[in-house]
Each structure stands twice: as structure tokens, then as C-alpha cells.
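# Inside the fold
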Amino acid sequence: MAQRSRKRGRREKAGAPEREAPPRPAPDSAPAPPARAGRSEARNEEARAALTPYAEGERPWPITVCAIAAAAFGGYNLVSFLLGTKLRVDGQKPGTAGILLFALVMFTCAGGMWRMRYWAVLGFQALLVLVLLTFAVLLIKVSNLAGLAVCVVGLTVGGVLFYKLVKAMGRMQVPVRERR
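Predicted model, so just to flag it, every value in this text is computed and none were measured.

What follows covers the confidence of the model for the protein. Of all residues in the protein, 74% have pLDDT values of 70 or greater, and the mean over the chain is 81. For the protein, per-element mean pLDDT is lowest for helix α1 (residues 5-8), which scores 56, and highest for helix α5 (residues 118-138), which scores 94.

So, in C-alpha cells, the structure goes:
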């Protein structure tokens with residue numbers, strides 16, 4: 001019966017010299033660090049080195065726009081609730097807790113973004129993704145040009161803000177916690 005060389009190893013040919021095993025490193029020596037990807041990792045390192053953190057009090061325009069938008073959405077929602085506007089979702093009135101929670105989240109995001117907090121920008125980006133997905137799904141149900149225009153404008157403005165926030169977050173400093 002024939003033997004497969006890849007499964008059981010190669011048979012030594014008759015008369016062929018045996019190969020010596022490569023020398024093993026000493027047990028106390030540290031293993032060599034893994035090799036990194038070539039050019040792409042070098043480009044990433046150059047890009048990271050070129051980023052400078054924002055100065056104290058410096059705020060890029062995308063974060064300013066998003067902070068103002070979050071405060072406006074939270075304020076509009078709270079004022080319309082206090083004035084007694086009848087908000088209906090699928091024929092049902094939303095609960096008071098949901099309306100107040102949305103306003104609280106928007107005001108928290110607005111305040112955190114205004115103070116240039118990384119968590120606030122990240123949280124607002126998560127909410128922005130949900131809005132973008134909603135506009136994308138609403139494109140399926142569009143029945144007139146006005147609805148199409150609203151969805152396209154919403155996707156365009158939201159997409160640009162999302163992209164600009166990603167770039168701004170690259171320069172933001174994530175707080176480093178000290179180990180205890």
C-alpha cells in the first residue's frame with residue numbers, strides 16, 4: 001500500500017543523508033515579535049503620528065453642529081410635550097417616560113459634545129446610525145417626490161455628519177484610566 005507523504009512525513013530515500021533539526025532557541029530568550037503588515041501598517045503609523053490633539057477650547061464644526069442639533073431636538077421634544085401637542089405613533093400616544101427619556105438623552109449628548117467628551121460623540125454617532133437606517137428603510141415606502149427628497153436630504157446630511165465626526169474623533173483624546 002502506498003504511503004502519502006504529506007500525512008505521515010517523507011520517507012527517507014535509501015542512502016540519503018538525514019536532515020538535522022534546526023537549532024532551538026534557549027528557553028530563557030524571548031520570542032521574536034510577530035511581523036506586522038508592510039506598507040499598510042506603515043501608512044497607519046504615519047497617519048497616527050500626524051494627528052494632533054485638539055487644543056483646550058478648540059471645537060471642530062461637526063461637533064458644534066451636532067451638539068446644537070441634539071439640543072434642538074431635545075428642546076423641541078420637551079417643549080412640544082409641555083405644550084400638550086398630541087404626538088401619535090401608529091395611532092397611539094407615546095408614554096411620558098419615553099418622551100422625557102429622549103429629551104434627557106439628547107441634552108446629555110449635547111452637553112457632552114459641547115465639552116468635547118469622547119463618549120458623547122460616540123453615543124451620538126450610534127443614534128445617528130439609527131436615524132440613517134430609518135431613512136434608508138423609509139426609501140422603500142416612498143410614494144411621492146417630497147418623501148423621496150426628505151429621505152435623500154436626511155441621508156446626505158446625516159452621512160456627511162457621521163463621516164466628519166469619525167474624522168474629528170480621530171483627534172480627540174480618549175481619557176486613560178490609571179490602574180490601581
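Moving on, we get to the packing of helix α3 (residues 61-82) against helix α4 (residues 96-114). Two elements in contact, α3 and α4, have axes whose closest approach is 8 Å; the angle formed by their N-to-C orientations is 155°. In terms of axis orientation, α3 runs roughly antiparallel to α4. For the crossing formed where α3 meets α4, the hand is left-handed. Residues Ile63, Thr64, Cys66, Ala67, Ala70, Ala71, Phe73, Gly74, Gly75, Asn77, Leu78 and Phe81 of α3 touch α4, and the partners they reach there are Thr96, Ile99, Leu100, Phe102, Ala103, Met106, Phe107, Ala110, Met113 and Trp114. For the contact of α3 with α4, the class distribution of residues is 17 nonpolar, 5 polar and no charged.

On to α3. Helix length check: α3, at 22 residues, gives a terminal C-alpha distance of 31 Å against a target of 32 Å (1.5 Å per residue), a fit within 8%. What α3 keeps buried is the set Pro62, Ile63, Cys66, Ala67, Ala70, Gly74, Gly75, Asn77 and Ser80. Gly84 lies just past α3 and shows a positive phi near 85°.

Further remarks concern the nonpolar core. One finds Ile63, Met113, Val121, Phe124, Leu165 and Met172 to be the most contacted residues of the largest nonpolar core, which totals 19 residues. Those elements giving two or more residues to this core turn out to be α3, α4, α5 and α6 (145-171).

What follows deals with the packing of α4 against α5. Where α4 contacts α5, the two axes come as close as 8 Å, and the packing angle between them is 135°. Put simply, α4 runs oblique to α5. When you trace α4 past α5, the crossing you get is left-handed. Counting all contacts with α4, which are made through Val105, Met106, Thr108, Cys109, Gly112 and Met113, the residues of α5 involved are Trp119, Ala120, Val121, Phe124 and Leu127.

Once that is clear, we can look at the environment of Gly159. Tracing the backbone through its elements, the reader meets Gly159 in helix α6. Sequence separation between Gly159 and Val129 is 30 residues, and the spatial gap between their C-alpha atoms is 8.6 Å.

A separate point is a nonpolar patch on the surface. A grouping of Leu139, Leu145, Leu148 and Val152 is seen on the molecular surface, where their side chains present a nonpolar patch of about 340 Å² in accessible area. Exposure remark for Leu148: the relative accessible area of 34% places this residue in the partly exposed category.

Our next topic: the side chain of Ser80. Along the chain, Ser80 turns up in helix α3. A polar contact of 3.0 Å, which involves the side chain of Ser80, links it to the backbone oxygen of Asn77.

Cut-offs applied
- Residues numbered from 1 in each chain as written.
- Predicted model: local features only at pLDDT ≥ 70, side-chain atom pairs only at ≥ 80, totals over all residues.
- Heavy atoms only, no water.
- pLDDT = per-residue confidence, 0-100.
- Helix = DSSP H or I, 4+ residues; strand = E, 2+ residues; numbered from the N terminus.
- Axes fitted to C-alpha atoms, helices over the stretch in contact; angles between N-to-C directions.
- Parallel < 35°, antiparallel > 145°, perpendicular 65-115°, else oblique.
- Left-handed = near helix turned anticlockwise from the far one by under 90°.
- Contact = heavy atoms within 4.5 Å.
- Nonpolar A, V, L, I, M, F, W, Y, C, P; charged D, E, K, R; others polar.
- Expected span 1.5 Å × (residues − 1).
- Buried < 20%, exposed > 50% of the residue type's maximum accessible area, 1.4 Å probe, protein only.
- Core = buried A, V, L, I, M, F, W, Y, C linked by side-chain atoms within 4.5 Å.
- Patch = residues over 30% accessible without salt bridge, like charges linked within 9 Å, V, L, I, M, F, W, Y side chains within 5 Å.
- Areas by Shrake-Rupley, 256 points an atom, 1.4 Å probe, with all protein chains shown as cover.
- Salt bridge = Lys/Arg side-chain N within 4 Å of Asp/Glu carboxyl O.
- Polar contact = N/O pair within 3.5 Å; in protein donor to acceptor, adjacent residues only side chain to side chain.

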